[in-house]
Amino acid sequence: MLIKARINDEWREADVWPGASLLFFLRETLGLVGSKNACEQGECGSCSVWLDGELVCSCLVLAAQAHGHEVRTVEALATDDRLHPVQEAFIQTGAVQCGFCTPGLIVAVADLLEHDPRPSETIIREALAGNLCRCTGYAKIIDAVKIAAGRMQK
Amino acid sequence: MVISHALGARIKRREDPRLITGRAIYVDDLNFAGMVHVAIVRSPHAHATIRSIDTTAARRAPGVVAVWTGEDVKARCGPLPVGPRIKEMKAPKRFPLVIDGVVRHVGDPVAAVVATTMDAARDASDLVEVDYEPLPSVQDPEAALEPGAPILHQDLGTNVCFRMTYGGGNVEEAFAGADVVVKTRIVQQRLIPAAMETRGVVAQYKGGELTVWTSTQIPHVVKTTLAETVRLPEHEIHVIAPEVGGGFGSKLDVYGEEGLVAALALALGRPVKWIESRRENFIATIHGRGQIDYVELAAHHDGTVAGLRVRAIADLGAYSQLLTPGVPTNTGLMCCGCYRIPNAHAEVIGVFTNRTPTDAYRGAGRPEATFLIERAMDLLAAELKMDPVEVRRKNFIPPAAFPYKTPTGAVYDSGNYERALDKALERADYRALRDEQAKLRKQGRYLGIGIATYVEITGLGAVAGLSGGNWESATVRVEPTGKVTVLTGTSPHGQGEETTFAQIVSDRLGVPVEDVVVLHGDTRAVPHGVGTFGSRTTPVGGSAVYVAAEKVKDKAVQIAAHLLEAAPADISTDGARFTVRGSPERSVEFKDVARMAYKAYKLPAGMEPGLDVTHFFVPKERVFPFGTHLCVVEVDPDTGEVTFRRYIAVDDCGNILNPLLVAGQIHGGIVQGLAQAIYEGVTYDDEGQLLTGTFAEYVVPQATDVPAFELDHTVTPSPHNPLGAKGVGEAGTIGATPAVVNAILDALAPFGVKDLQMPITPRRVWEALEGNSASR
C-alpha cells in the first residue's frame, strides 16, 4: 500500500506491505537507520520516534498508522552544525558506549524534557524505564538528562 | 590522576558524534543491490534425531532463492573452530548447520532459507518440514554426569568434555588440622549476555574477494577460521566489524551463521544478509555462567584460612564454542581470590547438556571464582562470629608478597588489597553503618552490608592454535602533514579506544588528540590482530600503541638530529618541536620532520623513508586488577523486596588513561553483576525449552532498577606493561554479584537465612523467611 507521511518535516511516500511496521518503513524503505531494531516487540525502546509529537516504539506501530501523519526521528534532532542539547549532554557525561540504544534514548530524553523541563531523578528514571541500555548502567545517562534540563531552561 | 596533558585526562569520547545522531553504521544498516536475506530453521527440541527434512514447499514459496540443509553444508563447508584445546578435552566438531542428523539444543540450526526479502525468508522458513524423533534430553550438568544419562555426542561416549585440577599444598592435612570448616553449594545460574545489537552478518563475493561484515569482537580470528569453514584462501577474505552494538563476550566467538552467510554469498553470487532476531539471540547466541560449585573452606579459630576445596561442575551446553572450556577453568585458576591460602584444590569438570552452549560472558570464570570465595569468607565470618572485614583483612596477601603465586598457579603481578578495602570502608563510614543496622533491627527493619574484595585476571591471549598467544598489534603512522593514523588489532565495540588510543599517541608524540585517528575492525586496513575481550584492550592493545609511538618518536628524533646537524642524544622535544639542547634557535617542527621523513634524499644514509611503525606487543605476564565493592541494601521481610541504599566501588585498574571511560566501564559492569544477584536468570523447563525467551521474562535491569554509584580508586600500576594499566572492563561485574548477595544475606542473618539461590527475587526472599518464620 502507498504510505505518505511527513517525516522530519518532509513529505515522503513509498509503497510498503500493509503489515510493515513504521520502523521497517523508516529503516528499510526510507533509509533512516538511526532508529534501531533491537527486540521487535516494544521491550527495549531502541526504535523510539515521535508520531504526531507522541513518543512511540516504531516497531509496534504500523507504517499505515503514520499515513498522513507527522513523524520525527533522531535524525531530526541535530541540525547541520549544532547538536541538540540532549546530544551535547550525552557526550559531556560519557553516557554513550556501544551506541545502539542511544538514538532511542536521545529521543526519549528529548521527549521527557519537552513535557517536563525540570524532572526529578525519580521521574527521569521512570521516564527512561522503557529504554534498555546494556552498557552504561544508566548513571551517566541520568547525569546527562539533568545537565540538558538545566541548559534547555536557559 | 592525570599522567600527562593527554593521558589520564577526562577527554570526551571521539566516537560519540556519529553514535548520538544515528549516523553510525551497524551490520543491519548495510544494504546492497540484489541482496538476499536468510532465515534459519532451528530445532524446537532439546534433543532429537532428524528423520527427514522436506524443503519442497519452502523452495516454491514466493521470493525464495535457495534452501540449504546439513547436506549442502557438508558439501560446501569445513568445520568451525572448537577450543581452546585443553588437556584431554573431548569436543565434537561444529558446522554452520547440523550435519549429523541430531539436534542437541532448542535453537540448533537445521536449515537456512534465502529469499529476496526478510519477510519472504521468514515466511518460507515456516514451510520447511522437519520430521524429528525426540530423544531423552539432559538439562542439569550434575544429572549429565550420572550413569545412564542421555549422551549428547555418541562418538565421544561421555558427556564429560574435560576435567582439570588446580592446586597445591596439602589440602587433606589442612582440613584435618582446622578448627572450623564451612561448606556451601553455589548455583551460578545461566545468564544471557543480551547485547542491545543482536548478531548479524552480511557477506558479498565480488571480484575474487569475499567481504564479510559481522558483529564481532574478533574480526581477525573470524577471517582466519573462515578460510577453513568456507574453503577459501585467507588472503581472499576480508572481514569487517563495523559499528558493533555491545558484546560482553557473546561476540567473542566464531558462529555458524558467519560461515553459513559467507558460504551462501559464495554459492549464490549475491550479497547475503542475516540479522538475528531477539528470540534467536536468546537461544542461539552463547549464554554465560552456568556452574555448580561445591566449596569447602577450612580455618583456624582466629580466622586464618588453612585450606580451600572446590569442585566446579560447568554446564557447557551442547557444544564447545570458541572458548567454552576456558571459562570454568578460569574459576579453578582464580578461586583463592585475594587471600593467602596455603593449601587449595580445585577440580573443574566441563559437562555437555542439551542447552544453548555457554562461553565467555563479562568476567568469564572470574565472577564465579570471586563469588565462591567471597561467599565462603562471609560464611566463615558468621561461623566464627567475626566481622566479615576482619576475616578478609586477616587473610589478605600482603603488599610485600608480590609477585605472588597462588597454589592454583596464578602469578599476581601487584596489589594492595587492604588499601582498597580501607578506602571503601572509610567512604561508607562502616562503623556508623553497623550501628545503624543494629538500631534499625530493633525497629524491625533489615539493613544489610555486603563486602566483596576481588582480584581478577586480564590481558588474556587469543585462542591457542588460531591466532597465537597473548599479544596485540598496533601501527602508528605519521602522515607527511604530521597528522597521525593509528591502526589497532583490537576491536572496540563501545569501550572507547578511538579516544584512549589517541590519548596515548598524543601523550607520546605531543600532537593534539584531534590530530590522531584510530582505525580498527577492518582486516584489510589494519595489521593482523587479536581483538577486544577479557579486559585486554588497554593493557595489551594500548601497550602496542604505546611502544609503536615510542619507536616513531625515536625515528623522528633521529631525523630531526640529521636535519639540525646534531647528535640524536642532543635533541630535546616537547612533541611539537625538536630542539638542539642549549641552542634554542636550532629547532625544527614536528610536522616538518614528518614531511622530511617521506623525502628519501633528506634522510640519514641507510634510513628507510616513512614515519610508520607497526609493533606486536607481547606482555610479560597477565595482570590482576582488584578492589573492594561495598553494597548496602534494605530488605522488606513482608514482601521480600530488596532496596539499594548505597553502592560503593573502589577499583584498582592500575594507571587510569581516561576517568570518564573507566567510570562508564565500572557502572555498566556493576549493573550486570547486580543483575545476576537479583534480576537475571535463565530458566528452562524439564524438556529444555527456554522459558525466559524475551525481555519480558528475562529481566535486564531498567533505569528504575539500579542504584546510584559512588566510585573511587586506588592506583597500583602493573609492572608488566609500559602503561601500568590493568584493564577495567569486567571488574564491576566481578565485584558486584558477591557484594549484593552478601548484603542481602547480611540483612537476613537475624532470620537464620544463610544461602539463597540467585537471582534473589522478592519471592525467594519471602519464601526463605516463611521457612524460617520461627526465628522472627
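Residues numbered from 1 in each chain as written. Chains lettered and ligands numbered in written order. Predicted model: local features only at pLDDT ≥ 70, side-chain atom pairs only at ≥ 80, totals over all residues. Heavy atoms only, no water.

Undergrad: So what exactly am I meant to see when it comes to helix α8 (residues 256–268) of chain B here?
TA: Note on helix geometry: an α-helix contains 3.6 residues per turn, so any two residues three or four positions apart are oriented the same way. End to end, α8(B) covers 18 Å across 13 residues, agreeing with the expected 18 Å (1.5 Å per residue, within 8%). Within α8(B), burial applies to Gly256(B), Glu257(B), Glu258(B), Gly259(B), Leu260(B), Val261(B), Ala262(B), Ala263(B), Leu264(B) and Ala265(B). (Helix = DSSP H or I, 4+ residues; strand = E, 2+ residues; numbered from the N terminus. Expected span 1.5 Å × (residues − 1). Buried < 20%, exposed > 50% of the residue type's maximum accessible area, 1.4 Å probe, protein only.)

Undergrad: How should I be thinking about the nonpolar core in this particular structure?
TA: Across soluble globular proteins, nonpolar side chains have a tendency to be buried as a group. Core analysis: the largest hydrophobic core is formed by 196 residues, its most contacted members being Phe90(A), Leu308(B), Tyr412(B), Leu630(B) and Ile744(B). The biggest single contributor to this core is helix α11 (residues 366–384) of chain B, with 10 residues. Apart from residues no more than four positions distant in its own chain, Tyr412(B) is found in contact with Met334(B), Gly337(B), Ile397(B), Phe402(B), Pro403(B), Tyr404(B), Thr406(B), Tyr417(B), Val455(B) and Phe624(B). Ranked by size, the runner-up nonpolar core spans 48 residues in total, among them Ala544(B), Val580(B), Ala594(B) and Leu603(B). (Core = buried A, V, L, I, M, F, W, Y, C linked by side-chain atoms within 4.5 Å. Contact = heavy atoms within 4.5 Å.)

Undergrad: Please clarify how the domain arrangement of chain A should be interpreted in this entry.
TA: Where the parts come together, the accessible area they lose is often given as the size of the interface. All names here are of chain A. Taken domain by domain, chain A consists of domain 1 (2–76) and domain 2 (85–153). On the domain 2 side, the residues contacting the 15 residues of domain 1 number 14 residues. Contact between domain 1 and domain 2 buries roughly 1,100 Å² in total, counting both sides, with carbon and sulfur atoms accounting for 61%. Two residues, Arg72 and Glu114, come together in a salt bridge whose shortest N-O distance is 3.9 Å. Here the element with the most residues in the side of domain 1 that touches domain 2 is strand β3 (residues 48–51); it accounts for 3 residues. (Domains from an automatic or database assignment. Buried area = accessible area lost by both parts, 1.4 Å probe. Salt bridge = Lys/Arg side-chain N within 4 Å of Asp/Glu carboxyl O.)

Undergrad: Help me out: how do you make sense of a positive patch on the surface in this one?
TA: A contiguous patch of positive charge, built from Arg151(A), Lys154(A), Arg10(B) and Lys12(B), is present on the exposed surface. As for its placement among the helices and strands, Lys12(B) is situated in the segment before α1 (16–20). Owing to a relative accessible area of 46%, Lys12(B) belongs among the partly exposed residues under this scheme. (Patch = residues over 30% accessible without salt bridge, like charges linked within 9 Å, V, L, I, M, F, W, Y side chains within 5 Å. Areas by Shrake-Rupley, 256 points an atom, 1.4 Å probe, with all protein chains shown as cover. Lys, Arg positive; Asp, Glu negative; His and termini not counted. Charge placed at Lys NZ, Arg CZ, Asp CG, Glu CD.)

Undergrad: Any chance you could explain the interface of chain A and chain B here in plain terms?
TA: Counting residues at the interface gives 46 residues for chain A and 54 residues for chain B. Carbon and sulfur atoms make up 58% of the area that chain A and chain B hide from each other, which totals about 3,900 Å². The closest approach of N and O atoms between Lys36(A) and Asp29(B), which form a salt bridge, is 2.6 Å. Linking chain A with chain B are 22 residue pairs in polar contact (both at pLDDT 80 or more), by the criterion used here. Put simply, the parts of the chain that give the side of chain A that touches chain B at least two residues each are α1 (22–29), α2 (85–93), α3 (102–115), α4 (121–127) and α5 (139–153) of chain A. In terms of residues, the side of chain A that touches chain B owes the most to one element, α2(A), which gives 5 residues. (Polar contact = N/O pair within 3.5 Å; in protein donor to acceptor, adjacent residues only side chain to side chain.)

Undergrad: I keep staring at the sheet that holds strand β21 (residues 516–520) of chain B and nothing clicks. Help me out?
TA: Residues and elements named next belong to chain B. Across the sheet, 4 strands lie side by side as β21-β20-β19-β25; this open sheet has mixed pairing. With partners counted over all chains shown, the strands left at the sheet margins are β21 and β25 (612–617), one partner each. Going across the sheet, the axis of each strand differs from the next one's by a mean of 15°, ignoring polarity. Pairing of strand β19 (residues 472–478) with β25 involves 6 bridges; the strand directions are antiparallel. From the neighbouring strand, Val476 faces β25, where its bridge partner is Val613. Contacts between helix α15 (residues 497–509) and the sheet are confined to β19, β20 (484–488) and β21, with β21 contributing the most and set at about 135° to the helix. (Pairing = 2+ DSSP bridges. Axes fitted to C-alpha atoms, helices over the stretch in contact; angles between N-to-C directions.)

Undergrad: Whenever I open this one, the domain arrangement of chain B confuses me. Can you help?
TA: Domain annotation of chain B identifies domain 1 (16–22 + 471–617), domain 2 (31–135 + 194–284), domain 3 (137–192 + 287–390) and domain 4 (413–460 + 623–776). Relative placement of domain 1 of chain B and domain 3 of chain B: their C-alpha centres are 45 Å apart.

Undergrad: Could you clarify how one ought to interpret the environment of Cys98(A) in this entry?
TA: Positionally, Cys98(A) belongs in the loop between α2 and α3. The sequence separation of Cys98(A) and Thr136(A) amounts to 38 residues, and the corresponding C-alpha distance is 9.0 Å. Apart from the residues within four sequence positions on either side, Cys98(A) is in contact with Cys135(A), Leu19(B), Tyr26(B), Val244(B), Gly245(B), Gly246(B), His493(B) and Gly494(B).

Undergrad: Before we go on, may I ask you to explain the environment of Pro219(B) in this structure?
TA: All names here are of chain B. In this fold, Pro219 is placed in helix α7 (residues 219–229). For Pro219, a relative accessible area of 0% puts it in the buried group. Pro219 sits 153 residues away from Leu372 along the chain, and the two C-alpha atoms are 34 Å apart. Residues contacting Pro219, with those up to four places away along its chain left out, are Val239, Ala241, Ser491, Gly521 and Thr523.

Undergrad: What should I look at first to understand the pairing of strand β13 (residues 288–299) of chain B in this one?
TA: Side-chain positions along a regular strand alternate between the two faces of the sheet. All names here are of chain B. Of all 12 residues that make up β13, 11 are buried, and the element is covered over most of its length. As paired strands, β13 and strand β14 (residues 305–317) are joined by 9 bridges and run antiparallel to one another. Each bridged residue has a counterpart across the sheet, and for Glu296 the counterpart in β14 is Arg309. Connecting the antiparallel pair β13 and β14 is a turn made up of 5 residues, with Gly303 showing a positive phi of about 95°.

Undergrad: Sorry if this is basic, but what is going on with the pattern of salt bridges here?
TA: Opposite charge on two side chains lets them pair, provided their charged atoms get close. Counting across every chain of the model gives 61 salt bridges over all chains. Notably, a salt bridge pairs Asp507(B) with Arg508(B), separated by 2.9 Å at the nearest N-O pair. Take Asp507(B): its relative accessible area is 14%, and that puts it in the buried class. A single salt-bridge network, built from bridges that share partners, covers Arg27(A), Glu28(A), Lys36(A), Asp28(B), Asp29(B) and Lys273(B).

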